[in-house]
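# Chains, contacts and geometry: an overview
Spelled out, the chains give:
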Amino acid sequence: MAGVISRGVQGPIIREGDDIVDIVVKSVYASEAEDNYSLKNRDIIAVTESVVARAQGNYVTVDQVAKDIAAKFPAKKLGLVFPILSRNRFSMCLKGMARAMDEVVILFSYPNDEVGNPLMERSAYVKNRYSGVYDFEEAAFIDTFGSPVHPFTGVNYLDFYRQVIEAEGAKATFLFSNDCRYIAQFCDQILCCDIHTRNETRDTLAAMPGKTVYTLADVMAAPVDGSGYHDQYGLLGSNKATEEKLKLFPRSCQPVVDAIQARIQKERGIQVEVMVYGDGAFKDPIGGIWELADPVVSPAYTAGLAGKPNELKLKFLADNDFADLSGDELKAAIQKEIKSKHHDLVGNMSSEGTTPRQYTDLLGSLCDLTSGSGDKGTPFIVIQNYFTNYAE
C-alpha cells in the first residue's frame, strides 16, 4: 500500500580526502540493515552537494577570492549587480571583493532579491511603487521605503553589507534599481552577482562601451594559489565555511554518481539511480522566498533521472471519464487508462495539474526537505517507489 518513501540516512562527518563513494554505499547498506528495508531496482540514492565538495576539498580563502578579483578588475572601484541577501551565500564573497577594492558599489534589486528575500516591507513597496521614481541612491531609497530587517533572519542587510565592506577598509555605496544599466553611471568595472539571470545581465552590460563585465561564475573558475575551484560555476553555489574560507559547489560530480550506481549494481545486482542535490526548487508561501540559491538543483545524476514525469491526473479521470463508476470497477478502469496512456501527455487535459518539471528538480526539493539544512545529520537520501504508479 506504500507510495513514495523518502528516507534520510545518517553518515559520518565528511572531511577532505574521504572516499565519498565508499561512505555513501556503506551508509545506505547500514541503513537497510537497521531500518529493515531493501534496495530495489529504480530506487534513488541522493547525496547532498555539500559533502561531495567537502570530500573534494573544494574550498577557497577570502584572500584567494580577493586575488582573483584584483586580477580581473585592476582599478580599485567595483560595481556589484543584484547580489542575493544572504550571510551564508554572499557575505564571504563580498568580503573578498571588498578586500581587493577601495570602493564597492552595490546595485540592489527591489522589493526582493533574485530568490525572493525581501529588502523592505511589502506594504511600503505597494504604497510607494507608483511614485514615478525608478532608480534610487541610498538616502532617497530609505526615505521612501525604509530599511527593515529580514523577516526570517532578523538582519538588516544594508547595514550588514556595509559593515562587511567597511571592515575591509573600502567605501560602500548603495544603489537601488531593477534595471542593471543604472550602475553604468557609477562604475566601469562590473561583477554580475545574480544567479539564474546572470548571462542576460552580463550581455546587457557588456554591450555598453567601456565596461569590464564578469559574472560570479568567472570568479574562482580556475585555481588561485592552489585553491579549490569550479570551472563551470566559480563562486556560484558557494557557502560560508569559516570567517576566512568558502566552500564551493562540488565539481566533477558525474564520476561520483556513476561509481555509486556501478558499485551497487556489482554488489547487489540491482540498478539504482543516483543524484547529487543542492537547494530544492520551491518557494516559501509566507516569506515569498524561492529557495534555489544554487546554480542548479542537481549538478550530476545517472541517466535514468533524465526527463520529466508523464502522468495522468487521477481525480480528473475519476470526475470526468469515469464519473459513473465506483469501487473496484473505477479502480480497474483507471489502472487500464494508466497502462495505455500516451508517451507524451503535454497539452492533454487528463494530465492537467501534474506539473511535469524535471525529475531532478522535483527530487531535489524532496531531498532538500527531507535532509533539512541544520542538524539532522542525514546527508544521504534513499527514495523508494518514486517511479511506481497506481496501475502497478
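Residues numbered from 1 in each chain as written. Predicted model: local features only at pLDDT ≥ 70, side-chain atom pairs only at ≥ 80, totals over all residues. Heavy atoms only, no water.

## Some points on the overall build of the chain
Stated formally: Numbering of helices and strands starts at the N terminus; helices are DSSP runs of H or I of at least 4 residues and strands are runs of E of at least 2. Partly exposed describes any residue whose relative accessible area lies between the buried limit of under 20% and the exposed limit of over 50%, with all areas from a 1.4 Å probe on protein chains only and scaled to the type maximum. Contacts were defined at the residue level, with two residues in contact if any of their heavy atoms lie within 4.5 Å. Note that accessible areas follow from Shrake-Rupley with a 1.4 Å probe, and for residues the cover is restricted to the protein chains shown.
On a plain count of helices and strands, the chain comes out with 12 helices and 14 strands. Out of the 392 residues in the chain, the part that is buried amounts to 49%. In the chain, the proportion of contacts linking residues at least 24 apart, taken out of those at least 6 apart, comes to 73%. With an accessible surface of roughly 18400 Å², the chain has 48% of that area assigned to carbon and sulfur atoms.

## Brief notes about empty space enclosed by the protein
Worth spelling out the cut-off: Both cavities and pockets are sets of points on a 1 Å grid over the protein atoms alone; in a cavity a 1.4 Å probe fits but cannot get out, in a pocket the set is open with protein on both sides within 12 Å along at least five of seven lines, and lining residues sit with an atom within 4 Å of a point. Grid points are joined across faces, edges and corners, and a volume is the space filled by probe spheres set on the points. Here the nonpolar group is Ala, Val, Leu, Ile, Met, Phe, Trp, Tyr, Cys and Pro; Asp, Glu, Lys and Arg are the charged ones; every other residue, Gly included, is treated as polar.
Summed over all chains, the structure comprises 2 cavities of 30 Å³ or more. Size it by volume and the largest cavity reaches roughly 90 Å³. Forming the walls of the largest cavity are Ile-84, Arg-89, Phe-90, Cys-93, Cys-193, Ile-195, Leu-216, Leu-235, Leu-236, Gly-237, Ser-238 and Ala-293. In the lining of the largest cavity, the residues fall into 9 nonpolar, 2 polar and 1 charged. Leu-85, Pro-118, Leu-119, Ser-147, Pro-148, Val-149, His-150, Val-155, Asn-156, Tyr-157 and Leu-158 are the residues that line the second largest cavity. In terms of residue class, the lining of the second largest cavity is built from 8 nonpolar, 3 polar and no charged.

## Description of the confidence of the model for the chain
To be explicit about the condition: Across the chain, each position has a pLDDT score giving the predictor's confidence in that residue, from 0 to 100.
Averaged over every residue, the pLDDT of the chain is 88; residues scoring 70 or more account for 86%. The model gives residues 349-354 a pLDDT under 50, and that stretch makes 14 contacts with residues more than four places away or in other chains.

## Section: the pattern of salt bridges
Which entries qualify depends on this criterion: We count a salt bridge whenever a side-chain nitrogen from Lys or Arg sits within 4 Å of a carboxyl oxygen from Asp or Glu.
This model, assessed by the stated rule, comprises 18 salt bridges. In this structure, Arg-99 engages Glu-244 in a salt bridge whose closest nitrogen and oxygen atoms are separated by 3.0 Å. In this pair, Arg-99 is assigned in helix α4 (residues 91-99) and Glu-244 in the loop between β10 (239-242) and β11 (245-247), connecting sequence segments 145 residues apart. The exposure class of Arg-99 is partly exposed, given its relative accessible area of 26%.

## Considering the sheet that holds strand β1 (residues 5-9)
Hydrogen bonding along the main chain pairs the strands of a sheet, whether they run parallel or antiparallel. Counted only if it meets this: Strand pairing follows a simple DSSP-based rule, namely that at least 2 bridges must link the two strands. Helix axes use the C-alpha atoms of the stretch in contact, all axes being lines fitted to C-alpha atoms, and the angles between their N-to-C directions lie in the range 0 to 180 degrees.
Taking strand neighbours across the sheet as the criterion, the 5 strands line up as β1-β14-β2-β12-β13 in an open arrangement whose pairing is mixed. Across the chains shown, the open sheet's two edge strands, defined by having one partner strand only, are β1 and β13 (300-301). Here 2 bridges tie strand β12 (residues 273-277) to β13, and the two strands are oriented antiparallel to one another. Directly across from Met-275, in β13, lies its bridge partner Tyr-301. This element, helix α1 (residues 20-35), spans β1, β2 (44-48) and β14 (380-384) of the sheet and lies at about 115° to β1. Lying over the sheet, helix α12 (residues 359-371) contacts β1, β2, β12, β13 and β14, oriented at roughly 70° with respect to β12.

## Quick word on the nonpolar core
As a reminder of what qualifies: Side-chain atoms within 4.5 Å link the members of a nonpolar core, which is a set of buried Ala, Val, Leu, Ile, Met, Phe, Trp, Tyr and Cys residues.
One finds Ile-69, Leu-80, Phe-90, Met-97, Leu-191 and Leu-235 to be the most contacted residues of the largest nonpolar core, which totals 54 residues. At the level of secondary structure, the elements contributing two or more residues to this core comprise α3 (62-72), β4 (77-81), α4, β5 (103-108), α6 (138-145), α7 (157-167) and β7 (171-176). Discounting residues that sit within four places of it in the chain, Met-97 has contacts with Val-65, Ile-69, Leu-78, Leu-80, Phe-90, Leu-191, Leu-216 and Leu-235. By size, the runner-up hydrophobic cluster in this structure holds 28 residues, among which are Val-25, Leu-39, Val-276 and Val-382.

## Brief notes about the pairing of strand β8 (residues 189-192)
Heads up, the condition is: If the strands point away from the viewer and the path from the first strand over the helix to the second runs clockwise, then the crossover is right-handed.
The alternating pattern of β8 places Gln-189 and Leu-191 and Ile-190 and Cys-192 on opposite faces, both of which are buried. Strand direction decides the pairing type here: β8 and strand β9 (residues 212-215), joined by 4 bridges, are parallel. Each bridged residue has a counterpart across the sheet, and for Ile-190 the counterpart in β9 is Val-213. One crossover worth recording links β8 to the parallel β9 by way of helix α8 (residues 198-206), and it is right-handed.

## Remarks on the sheet that holds β4
Read from one edge of the open sheet, 6 strands run β6-β7-β5-β4-β8-β9, paired in mixed fashion. Each end of this open sheet is capped by a strand with a single partner; those strands are β6 (136-137) and β9. Where β4 lies against β5, 5 bridges are found, and the strand directions are parallel. Counterpart to Gly-79 in the pairing with β5 is Val-105.

## A few points about α12
This is how the line gets drawn: Here the expected span of a helix is defined as 1.5 Å times the quantity of residues minus one.
With 13 residues, α12 should reach 18 Å at 1.5 Å per residue; the first-to-last C-alpha distance of 18 Å fits that figure. All of the buried residues in α12 are Tyr-359, Thr-360, Leu-363, Gly-364, Ser-365, Cys-367, Asp-368 and Ser-371. Looking at the buried residues of α12, the elements they touch are β2, β12, β13 and β14.

## Regarding the packing of α3 against α4
Rule in force here: For classification purposes, an angle smaller than 35 degrees is called roughly parallel, one larger than 145 roughly antiparallel, one from 65 to 115 roughly perpendicular, and anything else oblique. When the near helix sits turned anticlockwise from the far one by under a right angle, the crossing is termed left-handed; a clockwise turn instead gives a right-handed crossing.
Relative to each other, α3 and α4 sit at 55°, their axes nearing to 7 Å. Here α3 is positioned oblique relative to α4, judged by the angle of their axes. Between α3 and α4 lies a crossing of right-handed hand. Contacts between α3 and α4 pair Val-62, Asp-63, Val-65, Ala-66 and Ile-69 from the former with Met-92, Cys-93, Lys-95, Gly-96, Met-97 and Arg-99 from the latter.

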